[in-house]
Amino acid sequence: MANMSPKKNEMPVQKPDVRNKNFDEVALGYTEEQAVDEANRCLGCKHKPCVGGCPVAIDIPAFIGKIKERDFEAAYQILQKQSSLPAVCGRVCPQETQCESRCVRGIKGEPVAIGRLERFAADWHMKNAKEAPAKVPSNGHKVAVVGAGPAGLTCAGDLQKAGYEVTIFEALHKAGGVLVYGIPEFRLPKAIVQREIDTLKELGVKVDTNVVIGKTITVDELFEDGFEAIFIGSGAGLPRFMNIPGENLKGVYSANEFLTRTNLMKAYTEDSATPIVHARKVAVVGGGNVAMDAARCALRLGAEEVHIVYRRSDAEMPARREEIEHAKEEGVIFDTLTNPVEILGDEHKFVKGMRCVRMELGEPDESGRRRPVTIEGSDFVMDVDAVIMSIGTSPNPLIHNTTEGLETNKRGCIIAEEDTGLTTREAVYAGGDAVTGAATVILAMGAGKNAAKAIDRYIQGK
Amino acid sequence: MFEILKKQELNPTVTLMEIAAPLVARKAEPGQFIILRVDEAGERIPLTIADFDREKGTITIIFQIVGATTEKLNHLKAGDHLQDFVGPLGTPSHVEGLKKVAVIGGGVGCAIAYPVAKKLHQLGCEVHTIVGFRNRELVILEDSFRAVSDKFVMMTDDGSYGEKGLVTNALQALIESGETYDEVIAIGPLIMMKFVCKLTEKYGIKTMVSMNPIMIDGTGMCGGCRLTVGGKTKFACVDGPDFDGHEVDFDEAMERASMYKDFERHQYEETCNLFQKEVH
Ligand SMILES: Cc1cc2nc3c(=O)[nH]c(=O)nc-3n(C[C@H](O)[C@H](O)[C@H](O)COP(=O)(O)OP(=O)(O)OC[C@H]3O[C@@H](n4cnc5c(N)ncnc54)[C@H](O)[C@@H]3O)c2cc1C
Ligand SMILES: Cc1cc2nc3c(=O)[nH]c(=O)nc-3n(C[C@H](O)[C@H](O)[C@H](O)COP(=O)(O)OP(=O)(O)OC[C@H]3O[C@@H](n4cnc5c(N)ncnc54)[C@H](O)[C@@H]3O)c2cc1C
Ligand code: SF4
Ligand code: SF4
Ligand code: FES
Ligand SMILES: [Mg+2]
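This structure is a prediction, so every number in the text was calculated from the model and none was measured.

The rules behind each value
Residues numbered from 1 in each chain as written. Chains lettered and ligands numbered in written order. Predicted model: local features only at pLDDT ≥ 70, side-chain atom pairs only at ≥ 80, totals over all residues. Heavy atoms only, no water. Helix = DSSP H or I, 4+ residues; strand = E, 2+ residues; numbered from the N terminus. Rg over C-alpha atoms; globule rule 2.2 N^0.38 Å. Buried < 20%, exposed > 50% of the residue type's maximum accessible area, 1.4 Å probe, protein only. Contact = heavy atoms within 4.5 Å. Areas by Shrake-Rupley, 256 points an atom, 1.4 Å probe, with all protein chains shown as cover. Lys, Arg positive; Asp, Glu negative; His and termini not counted. Charge placed at Lys NZ, Arg CZ, Asp CG, Glu CD. UniProt positions renumbered as here; feature names shortened; annotations may be inferred. Phe/Tyr/Trp six-rings, centres within 6.5 Å; stacked < 30°, edge-to-face > 60°. Lys NZ or Arg CZ within 6 Å of the ring centre and 35° of its normal. Disulfide = S-S within 2.5 Å. Near = heavy atom within 4 Å. Nonpolar A, V, L, I, M, F, W, Y, C, P; charged D, E, K, R; others polar. Pairing = 2+ DSSP bridges. Arc of directions from axis to C-beta. Salt bridge = Lys/Arg side-chain N within 4 Å of Asp/Glu carboxyl O.

Draft legend 1. Up close: the overall build of chain B. Each helix and strand in chain B was counted, giving nine helices and 17 strands. Scaling as 2.2 N^0.38, a compact globule of 280 residues should have a C-alpha radius of gyration of about 19 Å, and chain B matches this with 18 Å. The buried share of chain B, taken over its 280 residues, is 57%. Counting contacts in chain B only where the partners sit at least 6 residues apart, residues at least 24 apart contribute 64% of the total. Within the structure as shown, chain B displays about 11900 Å² of accessible surface, and the carbon and sulfur contribution to it stands at 50%. Averaging the locations of the 30 positively and 41 negatively charged side chains of chain B gives two centres separated by 1 Å.

Draft legend 2. Broad picture of the environment of B:Pro189. All names here are of chain B. Secondary-structure assignment places Pro 189 in the loop between strand E13 (183–187) and helix H6 (190–203). On the basis of relative accessibility, which here comes to 41%, the residue Pro 189 falls in the partly exposed class. Expressed as a C-alpha distance, the spacing of Pro 189 and Ser 210, which sit 21 residues apart in the sequence, is 9.7 Å.

Draft legend 3. Representation of the UniProt feature "binding site: FAD" (unreviewed entry) in chain B in the model. Residue and element names in this part refer to chain B. According to UniProt, the positions carrying the feature "binding site: FAD" (unreviewed entry) are Ile 62, Phe 63 and Gln 64. Mapped onto the secondary structure, Phe 63 falls in strand E6 (residues 58–64). What makes Phe 63 buried here is its relative accessible area of 1%. Excluding its chain neighbours within four sequence positions, the residues that come into contact with Gln 64 are Thr 13, Val 14, Thr 70 and Val 108.

Draft legend 4. The packing of aromatic side chains, seen in detail. Residues and elements named next belong to chain A. Tallied over the full model, the rule gives 10 aromatic pairs over all chains. With a centroid separation of 5.0 Å and an interplanar angle of 85 degrees, the aromatic rings of Phe 72 and Phe 120 are classed as edge-to-face. Here the residue Phe 72 occupies a position in helix H4 (residues 72–82), and Phe 120 occupies one in helix H6 (residues 114–128), the gap between them amounting to 48 residues. For Phe 72, a relative accessible area of 4% puts it in the buried group. Here Phe 120 falls in the buried class, since its relative accessible area comes to 7%. Counting every residue linked through ring pairs, the aromatic cluster contains Phe 23, Phe 186 and Tyr 268. Across from the ring centre of Phe 186, 3.7 Å away, lies the NZ or CZ of Arg 300, which sits over that ring. Residue placement shows Arg 358 over the ring face of Phe 380; its charged tip is 4.1 Å from the ring centre.

Draft legend 5. Examining the state of the cysteines more closely. Evaluation of the coordinates by the stated rule reveals zero disulfides over all chains. No disulfide involves A:Cys297; its sulfur sits 16 Å from the nearest other cysteine sulfur, which is in B:Cys222. A relative accessible area of 0% places A:Cys297 in the buried class.

Draft legend 6. Representation of the site of ligand 3 in the model. Taken together, A:Cys54, A:Pro55, A:Ile58, A:Ile60, A:Cys89, A:Cys93, A:Gln95, A:Gln98, A:Cys99, A:Glu118 and A:Ile442 make up the full set of residues near ligand 3. Split into classes, the residues belonging to the shell around ligand 3 amount to eight nonpolar, two polar and one charged.

Draft legend 7. Local environment of the sheet that holds strand E5 (residues 51–53) of chain B. Residue and element names in this part refer to chain B. Overall, antiparallel pairing links the five strands, which are arranged E5-E6-E2-E1-E7 in an open sheet. Each edge of the sheet is formed by a strand with only one pairing partner; in this case those strands are E5 and strand E7 (81–82). When strand E2 (residues 14–20) meets E6, the two strands line up antiparallel, connected through seven bridges. Of the residues in E6, the one forming a bridge with Leu 16 is Ile 62.

Draft legend 8. A look at helix H2 (residues 32–39) of chain A. Looking at H2(A), one finds that the buried residues are A:Ala35, A:Val36, A:Glu38 and A:Ala39. Buried residues of H2(A), viewed axially, fall in a sector of 165 degrees; they line one side.

Draft legend 9. The arrangement of the UniProt feature "domain: FAD-binding FR-type" (unreviewed entry) in chain B in detail. Mapped onto the present numbering, the UniProt feature "domain: FAD-binding FR-type" (unreviewed entry) falls on residues 1–95 of chain B. Taken as a whole, residues 1–95 of chain B contains 14% helix and 46% strand, while its terminal C-alpha atoms sit 33 Å from one another.

Draft legend 10. A look at the site of ligand 2. Residues and elements named next belong to chain B. As a matter of local geometry, ligand 2 sits amid 23 residues, with Pro 46, Gln 64, Thr 70, Ala 257 and Glu 264 nearest to it. Out of a free accessible area of 860 Å², ligand 2 has 88% covered by protein chains. Looking at the shell around ligand 2, the elements that each hand over two or more residues are strand E4 (45–48), E6 and helix H2 (68–74). Per-element tally for the shell around ligand 2: the top contributor is E4, with four residues. Split into classes, the residues belonging to the shell around ligand 2 amount to 14 nonpolar, six polar and three charged.

Draft legend 11. Just the pattern of salt bridges, in detail. Taken as a whole and assessed by the stated rule, the structure comprises 48 salt bridges over all chains. Where A:Asp158 meets A:Lys449, a salt bridge forms, and the shortest distance between an N and an O atom there is 3.1 Å. Note that A:Asp158 is positioned in helix H7 (residues 150–161) and A:Lys449 in helix H16 (residues 441–460), a separation of 291 residues in sequence. Given the relative accessible area of 13%, A:Lys449 is considered buried. We note a salt bridge from B:Glu179 to B:Lys151, for which the minimum N-O separation is 2.7 Å. Linking B:Glu179 in the loop between helix H5 (167–176) and E13 with B:Lys151 in strand E11 (residues 151–156), this pair joins segments that are 28 residues apart in sequence. Residue classification places B:Lys151 among the partly exposed positions, given a relative accessible area of 31%. Salt bridges linked by common partners bring A:Arg19, A:Glu96, A:Arg187, A:Asp293, A:Arg296, A:Arg300, A:Arg320, A:Glu322, A:Glu323, A:Glu329 and A:Glu330 together as one network.

Right, here's the structure in full:
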């Protein structure tokens, strides 16, 4: 019997006033009963509108159908045909604008909780599946993957499964990309990411951390070392600043630095050797997912007050609604239509305040959003002792600068064919944030998948 | 894991280590640095590549014990392993085409200055070296510098070795005596570099300095290492660490270097306690 409730099964979560003091996962996941009940809300539509909203076209009614039948492992097997990181995507995909936005149940009521069900099936598999992944015999061809984020991990996994000998080169000491250095533990437990990486290693993928391509080894040297094709999934990790006075004061961070110290270096734990400023009042400038993550980390590090400072209005905020709601529940204060103009320091050059102006929305700009304009004479000083700049990132130029013939566009993104990821260099492919600029996990994964197929065709056709 | 092949105490607070890191050694150039982690809970700290041997696949680091991580590092011995070791990072020093250079090293900064002096010497440049230490006990790399220098001046603050005074006194004396330099390369404490730059500005001699702000990734990802150079924000780990000293905002750099002072002091005390316990 279909479950005709207009509402999703609610996700069990830690209480806001508890979770804002710890780094444990906020959303606890469905029980088997809740999952089956939610699965029964799916009508199994023949024309599968939801699938059209998923960038990797997961067969959504099929996997949900298996959950209905309580065959959770079969549900996972369907997911993993299209997604190599379902436990991750089920947690962090912007489902509300992707798969779930097309769900027919969403016309009258809430859509089926596709993401939550995906997470459920993936977690169930992790907990219950025993069999080690079967190693595929080598076909003798070597492929190098640059960057161990979702794009690189996916590309590497698919190629290894097709028989290639794959080595991932990662600049940091830990694989995972933004999944380990950016997205916080309370939204995506690092043990889950580690599981995925361990699985790849069991398949035979080599992961060489501490190797910066362009510095330790260049792309050309990788070819000399016998790699026949290269996939670049180096992300978009270069932080932008506002270029306002006071930005180099002590206590001003890029979101990347703040999150790297917190997540990758575990500055929130007692025994971490990496320092971080424990501020009393924090302003996070920006309105995206990254800003929400930084704000929620700042709260958990003990700040009394955390402000999101955003120059447009609430409606224009690019962050996922769920993240905005979670942040509000936890006590983050939203100062919208507000723009910083100067950061003020004390005599020791620590941040002691931030001068802002109020904004109002004018005519729509080229992005279609109404342009914020300054209200004259509206400036005021916010009492803060730390500022986190979260106004975007762009691809790091390191690889482009050291690779002859690898072209980038005006925004510094590597130019690559959409379907294959082929760059302007023969046998060099690229995908993920390095090509699109900061985007999503699922898009990066999809790009890694497509490139794996193209690399296979290229090497087999040689 | 990266094996420590050799350990040598250069003075009571400065240690040299040779690390097996063939990939880094293959590409290392003077002026570049590495980032290491001692153990799994460790922080990432940058150290300059003091020397390298491409054939043996080794990198030499020379570090001063100033806090928790360098203290921990100093408790390792030959045969032990470092958790992580990545490089070479940063832009190599520009040494091509220089005919006559004054290289100035202060304290442990000499470890950073030495590979540059050596490279200049190999390229046939006339090298005048001025090194400065607080006292005789802290002197490092004297023979190494002498071997690559056409002129060598040793300064100590207290006059216990060489001449008494600051490196700036020696540099000024050389300039006043009629020596002319294409460039001055000054590497040492921020305050020393600042005053060398003040002096050379007067004489209009281009001066390169090696900046050492607090770093994490070393690849341009965090912006924590930012400095103001010529009024613009630069990331020392990718745009540097060498910069035109006449453009650097030293006062800002000195402030930023002290950002975590309280935390660092606490960590250092904890680390010392820990090792004392083990000794008993
Ligand atoms: C804080 C934060 C929160 C986010 N939240 C979400 C979310 O909720 N949902 C969502 O879908 N997306 C989210 N995103 C975006 C998403 O994480 C990215 O789009 C995705 O990780 C991009 O994957 P990628 O593989 O292209 O690059 P990355 O994940 O950036 O990985 C690139 C890897 O390459 C390495 N690398 C870079 N240069 C080199 C080099 N020269 N040599 C060797 N290695 C190199 C990097 O160290 C890194 O490990 C978030 C991003 C951030 C920063
Ligand atoms: C490019 C570069 C090259 C360097 N080369 C050398 C070298 O060859 N020999 C040497 O002895 N030192 C070198 N340093 C400085 C060295 O990194 C610091 O002394 C070391 O990180 C101190 O760590 P600690 O935990 O022992 O001391 P702490 O007590 O934590 O710090 C002491 C001081 O060192 C600085 N420091 C702390 N953490 C960092 C960090 N992550 N990055 C940079 N500086 C930091 C701060 O100013 C701090 O006040 C270099 C720094 C840079 C940026
Ligand atoms: S991968 Fe993302 S978009 Fe696709 S079905 Fe899963 S949650 Fe939806
Ligand atoms: S559109 Fe909604 S109800 Fe229909 S199959 Fe997809 S998830 Fe199920
Ligand atoms: S150390 Fe992070 S950008 Fe330089
Ligand atoms: Mg330290």
